[in-house]
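So you can see what is in the structure, the chains are spelled out below.
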Amino acid sequence: MIYQSAKDWRAASQKKVLLFGMSGLGKTHISNTLRDNGDWFHYSIDYRIGTRYMGEHIADNAKREAMKVPFLRELLMSDSIYIGSNITFNNLAPLSTYLGKPGNPDLGGLPFDEYLLRQDQHRTAEIAALMDTKPFIDRAHDLYGYDHFVCDTGGSICEVVDPSDANDPVMTSLAKNTLMVWIKGSEAHTEELIRRFDRAPKPMCYQPEFLIAAWQEYLAETGSSEAKIDPDAFVRWTYARALAHRQPRYAAMSKWGLTVSAEQIAEVTSTSDFVDLIADSLEAKPATA
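The structure displayed is predicted, hence computed values, not measured ones. Throughout this description, residue numbers start from 1 for each chain and increase along the sequence as written. Thresholds applied to this predicted model are a pLDDT of at least 70 for local features of residues and 80 or more for the giving and counting of side-chain atom pairs; totals over whole chains, interfaces and linings are not thresholded and use all residues. By convention in this description, side-chain values take in all heavy atoms of the structure and omit both hydrogens and water.

1. Considerations on the overall build of the protein chain
Here comes step 1: Helix and strand assignments follow DSSP, with helices taken as H or I runs no shorter than four residues and strands as E runs no shorter than two, numbered in order from the N terminus. What the protein chain contains, in helices and strands, is 14 helices and 5 strands.
Here comes step 2: Here the globule rule reads 2.2 Å times residues to the power 0.38, and the radius of gyration is calculated from C-alpha atoms. Here the C-alpha atoms of the protein chain give a radius of gyration of 20 Å, agreeing with the 19 Å that 2.2 N^0.38 yields for 289 residues.
Here comes step 3: Dimensions along the principal axes, computed over C-alpha positions, put the protein chain at roughly 65 × 50 × 35 Å.
Here comes step 4: Among the 289 residues that make up the protein chain, the fraction classed as buried is 47%.
Here comes step 5: Every accessible area reported is derived by Shrake-Rupley at a probe size of 1.4 Å, with residue values counting cover from the shown protein chains alone. Approximately 14100 Å² of the protein chain is accessible, and the part contributed by carbon and sulfur atoms is 51%.
Here comes step 6: All tallies of charge rest on Lys and Arg as positive and Asp and Glu as negative; His and the ends of each chain are not included. Just so you know, the charge point we use is NZ for Lys, CZ for Arg, CG for Asp and CD for Glu. Distance between charge centres in the protein chain, computed from 30 positive and 39 negative side chains, equals 1 Å. For each residue, the accessible area found with a 1.4 Å probe, counting protein chains only, is set against the maximum for its type, and the residue is called buried under 20%, exposed over 50%, and partly exposed in between.

2. Some words on unusual backbone geometry
Here comes step 1: With phi around 55 degrees, Asp79 is a residue other than glycine that occupies positive phi space.
Here comes step 2: Tracing the backbone shows Asp79 in the loop between helix H5 (70–77) and helix H6 (93–99).

3. Remarks on the packing of helix H11 (residues 208–222) against helix H12 (residues 231–254)
Here comes step 1: Relative orientation of the contacting elements H11 and H12 amounts to 135 degrees, with a least axis distance of 11 Å. Put simply, H11 runs oblique to H12. In the packing of H11 onto H12, the handedness of the crossing is right-handed. Only Ala233, Phe234, Trp237, Thr238, Arg241, Ala242 and His245 of H12 make contact with H11, whose side of the interface consists of Phe210, Leu211, Ala214, Trp215, Glu217, Tyr218 and Glu221.
Here comes step 2: Think of it as three bins: nonpolar holds Ala, Val, Leu, Ile, Met, Phe, Trp, Tyr, Cys and Pro, charged holds Asp, Glu, Lys and Arg, and polar takes everything else, Gly as well. When its residues are assigned to classes, the contact of H11 with H12 shows 9 nonpolar, 2 polar and 3 charged. Orientation is described by axes fitted as lines to C-alpha atoms, over the contacting stretch for helices, and by angles from 0 to 180 degrees between their N-to-C directions. For this classification, under 35 degrees means roughly parallel, over 145 means roughly antiparallel, 65 to 115 means roughly perpendicular, and everything else is oblique. Crossing handedness is defined as follows: a turn of the near helix away from the far one that is anticlockwise and smaller than a right angle gives a left-handed crossing, while the clockwise case is right-handed. The contact definition used throughout considers only heavy atoms, calling two residues in contact when any of these lie within 4.5 Å.

4. Things to note about helix H7 (residues 112–131)
Here comes step 1: For a helix, the expected span equals 1.5 Å multiplied by the number of residues minus one. Relative to the 28 Å expected for 20 residues at 1.5 Å per residue, H7 spans 29 Å between its end C-alpha atoms, a close match to the ideal helical length.
Here comes step 2: Looking only at H7, the buried set comprises Phe112, Tyr115, Arg118, Gln119, Gln121, His122, Ala125, Glu126, Ala129 and Leu130.

5. Observations regarding the layout of surface pockets
Here comes step 1: Its boundaries defined by the atoms lining it, the largest pocket holds a volume of some 880 Å³.
Here comes step 2: Ser23, Gly24, Asp46, Leu92 and Lys202 are, among the 35 residues lining the largest pocket, the residues nearest its centre.
Here comes step 3: Broken down by secondary-structure element, the contributors of at least two residues to the lining of the largest pocket are helix H2 (27–36), H6, helix H10 (187–199) and H12.
Here comes step 4: Among the residues forming the lining of the largest pocket, the class breakdown is 15 nonpolar, 14 polar and 6 charged.
Here comes step 5: In the cavity and pocket records, a cavity denotes points on a 1 Å grid over the protein atoms alone where a 1.4 Å probe fits but cannot get out, a pocket denotes an open set with protein on both sides within 12 Å along at least 5 of 7 lines, and lining residues are residues with an atom within 4 Å of a point. Grid points are joined across faces, edges and corners, and a volume is the space filled by probe spheres set on the points. Computed from the structure, the second largest pocket encloses a volume of approximately 170 Å³.
Here comes step 6: Along its surface, the second largest pocket is lined by Asn61, Thr97, Tyr98, Gly100, Pro105, Gly108, Gly109, Leu110, Pro111 and Arg118.
Here comes step 7: Partitioning the lining of the second largest pocket into residue classes produces 4 nonpolar, 5 polar and 1 charged.

6. Let's talk about the side chain of Asn177
Here comes step 1: Counting through the fold element by element, Asn177 comes out in helix H9 (residues 169–177).
Here comes step 2: Aside from chain neighbours lying at most four places away, what touches Asn177 is Ile2, Lys16, Lys134 and Ile137.

7. As for H12
Here comes step 1: An ideal rise of 1.5 Å per residue puts 34 Å on 24 residues; H12 measures up with 33 Å between its terminal C-alpha atoms.
Here comes step 2: Think of it this way: the bend at a residue is just the angle between two axes, each fitted to seven residues, one set ending at that residue and the other starting at it. The sharpest bend along H12 comes to roughly 35 degrees, located at Tyr239.
Here comes step 3: The N-capping residue of H12, defined by a side-chain oxygen 3.0 Å from the backbone nitrogen of Asp232, is Asp230. A 3.5 Å cut-off defines polar contacts: any pair of N or O atoms within that distance qualifies, except that in protein one atom must be a possible hydrogen donor and the other a possible acceptor, and neighbouring residues in sequence count only when both atoms are side-chain atoms.

8. Quick notes on the pattern of salt bridges
Here comes step 1: We define a salt bridge as a side-chain nitrogen of Lys or Arg found within 4 Å of a carboxyl oxygen belonging to Asp or Glu. Counted by the stated rule, this structure contains 11 salt bridges.
Here comes step 2: Between Arg48 and Asp132 there is a salt bridge, with its nearest N and O atoms 3.0 Å apart. With Arg48 in helix H3 (residues 45–53) and Asp132 in the loop between H7 and helix H8 (133–142), this pair connects stretches of sequence that are 84 residues apart.
Here comes step 3: Owing to a relative accessible area of 13%, Asp132 belongs among the buried residues under this scheme.
Here comes step 4: Salt-bridge contacts for Arg118 lead to Glu114; the nearest nitrogen and oxygen are separated by 2.8 Å. One end of the pair is Arg118 and the other is Glu114, both in helix H7 and 4 residues apart, which spans about a single turn.
Here comes step 5: Its relative accessible area of 6% is what places Arg118 among the buried residues.
Here comes step 6: Residue Glu114 is classed as partly exposed on the basis of its relative accessible area of 25%.

If you want it as structure tokens, here you go:
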């Protein structure tokens, strides 16, 4: 780890952390809190994916839909209107909408092959955005004068790295340049996330092997054809399985850094609270870890 003790952390002229864990446990909230203090640069992986690496895909998809409307088609063909994404740190809907869900097109679903293609696009983009962390640390410091840096990762980070491989290029780069912090949820948090997802199912990113196996199992279980699958029903059915799939992967990643609980994160209301929490966690962890 780049900080071996609480003393090292508190004395560091540059504090650089990366937050990871399930979506909905406070990564973006903490990042916003640190950024709003004025001394921290907030690097959002999902924002970077949606702007730098998938922005054209998102915009082209919107244009493709607009071209189906004669009125909009005419304006687009004459360069009279512009269609683009207005993605923000706190509104990632353009990216989610592009990723979509597989199933019945009459219910907004995508053909499974197209869905797999978009998943692969996201996987490639996420790896690239994660590898941009070090350049953004330098950019934040040299260009904007920020001493401190927080990387706010997406929940799918565990799907694109192999934490069991000591030479994994993404994990190696991240651990070399940031203190990796797992925000660990409890069973109660998982149950609440599942309830929340059931009310408003959203697109997700999955490890390809997991996704293909889940799709085949769901088709067999329901006895339905691809074109008749309810997209929301499939992602609801998959969500709890995806969380269970991710948990051991997050745990393996945590060996490269620290673990804090979602309850501890919920109590953080200021930069000083966060600095204290990390210091306490480092104090509790063996220095040789």
